[in-house]
Amino acid sequence: MGVKAVSLSLAVLGLAAGVRVVIFVLSNSVALLADLIHNFGDALTAVPLGAAFLLRSPRAERYAGLGVVLAIFVSACVAGALAVEKIVSPHAPEHLLALGIAGVVGFAGNEVAAQVRLGAGRRLDSPALVADGYHARTDGIVSLGVLLSAVLVALGLPLVDPIIAIVITGVILQITVQSWRTVRGHSR
Ligand SMILES: [Zn+2]
């Protein structure tokens, strides 16, 4: 049941991410890039648990955990660097309607994931799944930042896009710190 709920929500998020990657290529928006990296990083945090479960090895979980922390940290640095570069030499994102849709799709995908996880978490009395649900709901709000960027860029404020990207980079760095604490907690 719990596994089914999680796989279903992962499938929804995967589909939403595919659409959004295409829109990123079209729009070249760093805010959308940061949001994509954020959701990708969140998905990666499930890897150590999977490794521990499949390999039945706490050591594998720890190495997978360290790898994930490193991957998320590097991604955050890339998103931040690209955003700063867009502030130094501004280049407004294009295809703003598609960009707005990418924000809405991100919000909807995360909200679906949130409801599946909250529902299953309450049914199964699993605090971890409920916490995951609230996380996904917060991520949906972060994705609305991409919609905000599309609207404000359309109104003639192209710098809003990299600024939102930097805010989202801050959120990604927060995940990095949290994952690092979890991994270190396991290492004793
Ligand atoms: Zn998140």
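Just above sits the structure.
Residues numbered from 1 in each chain as written. Predicted model: local features only at pLDDT ≥ 70, side-chain atom pairs only at ≥ 80, totals over all residues. Heavy atoms only, no water.

### Looking at the packing of helix 2 (residues 30-44) against helix 4 (residues 58-88)
Relative placement of two packed helices is described by the angle separating their axes and the distance separating the axes.
Piece 1. Their axes nearest at 10 Å, the elements helix 2 and helix 4 cross at an angle of 175 degrees. If you check the angle between helix 2 and helix 4, you find them roughly antiparallel. In contact with Val30, Leu33, Ala34, Ile37, Gly41 and Leu44 of helix 2, helix 4 contributes Val68, Ala71, Ile72, Ser75, Ala79, Leu82, Ala83 and Lys86.
Piece 2. Residue composition of the contact of helix 2 with helix 4, by class: 11 nonpolar, 2 polar and 1 charged. (Axes fitted to C-alpha atoms, helices over the stretch in contact; angles between N-to-C directions. Helix = DSSP H or I, 4+ residues; strand = E, 2+ residues; numbered from the N terminus. Parallel < 35°, antiparallel > 145°, perpendicular 65-115°, else oblique. Contact = heavy atoms within 4.5 Å. Nonpolar A, V, L, I, M, F, W, Y, C, P; charged D, E, K, R; others polar.)

### Quick notes on the coordination of the zinc ion
Piece 1. Within the protein, His38 (NE2), Asp42 (OD), His135 (NE2), Asp139 (OD) and Asp139 (OD) serve as the donor atoms for the zinc ion, at 2.0 to 2.4 Å.
Piece 2. Sequence positions of the residues that donate to the zinc ion give the spacing H-x3-D-x92-H-x3-D. Of the two residues, histidine 38 is situated in helix 2 and aspartate 139 in helix 6 (residues 127-154); the sequence distance between them amounts to 101 residues. This pair shows no difference in class: histidine 38 is buried, exactly as aspartate 139 is. (Donors = N, O, S within 2.8 Å, 3.2 Å for Na, K, Ca; no water. Buried < 20%, exposed > 50% of the residue type's maximum accessible area, 1.4 Å probe, protein only.)

### Focus: a nonpolar patch on the surface
Piece 1. There is a patch of nonpolar side chains on the surface, built from Val84, Ile87, Val88, Leu159, Ile163, Ile166 and Val167 and spanning about 600 Å² of accessible area.
Piece 2. Breaking the nonpolar patch down by element, the ones donating at least two residues are helix 4 and helix 7 (160-187).
Piece 3. With respect to the secondary-structure elements, valine 88 resides in helix 4. (Patch = residues over 30% accessible without salt bridge, like charges linked within 9 Å, V, L, I, M, F, W, Y side chains within 5 Å. Areas by Shrake-Rupley, 256 points an atom, 1.4 Å probe, with all protein chains shown as cover. Salt bridge = Lys/Arg side-chain N within 4 Å of Asp/Glu carboxyl O.)

### Structural notes on the pattern of salt bridges
Piece 1. With the rule as written, the count across this model stands at 3 salt bridges.
Piece 2. Across the salt bridge formed by arginine 117 and aspartate 132, the nearest N and O atoms sit 3.9 Å from each other. You can see arginine 117 sitting in helix 5 (residues 96-123) and its partner aspartate 132 sitting in helix 6, a full 15 residues away along the chain.
Piece 3. Assessed through its relative accessible area of 11%, arginine 117 is described here as buried.

### Some remarks on the environment of valine 142
Piece 1. Looking at the secondary structure, you find valine 142 in helix 6.
Piece 2. A relative accessible area of 16% means that valine 142 is categorised as buried.
Piece 3. Remark: the alpha-carbon pair of valine 142 and glycine 103, spanning 39 residues in sequence, is separated by 8.9 Å.
Piece 4. Residues in contact with valine 142, not counting those within four places in the same chain, are Asp35, His38 and Ile168.

### A look at the nonpolar core
Piece 1. In this structure, Ala34, Ile37, Ile72, Ile164, Ala165, Ile168 and Ile172 are the most contacted members of the largest nonpolar core, which totals 17 residues.
Piece 2. For this core, the secondary structure elements donating two or more residues are helix 2, helix 4 and helix 7.
Piece 3. The element that contributes the greatest number of residues to this core is helix 7, accounting for 6 residues.
Piece 4. Leave out the neighbours within four places in its chain, and isoleucine 72 touches Gly41, Leu44, Thr45, Ile172, Ile175, Thr176 and Ser179. (Core = buried A, V, L, I, M, F, W, Y, C linked by side-chain atoms within 4.5 Å.)

### So, the packing of helix 5 against helix 6
Piece 1. Running from N to C, helix 5 and helix 6 point in directions that differ by 170 degrees, and their axes come no closer than 7 Å. By the criterion of interaxial angle, the relationship of helix 5 to helix 6 is roughly antiparallel.
Piece 2. Broken down by class, the residue content of the contact of helix 5 with helix 6 amounts to 19 nonpolar, 10 polar and 6 charged.

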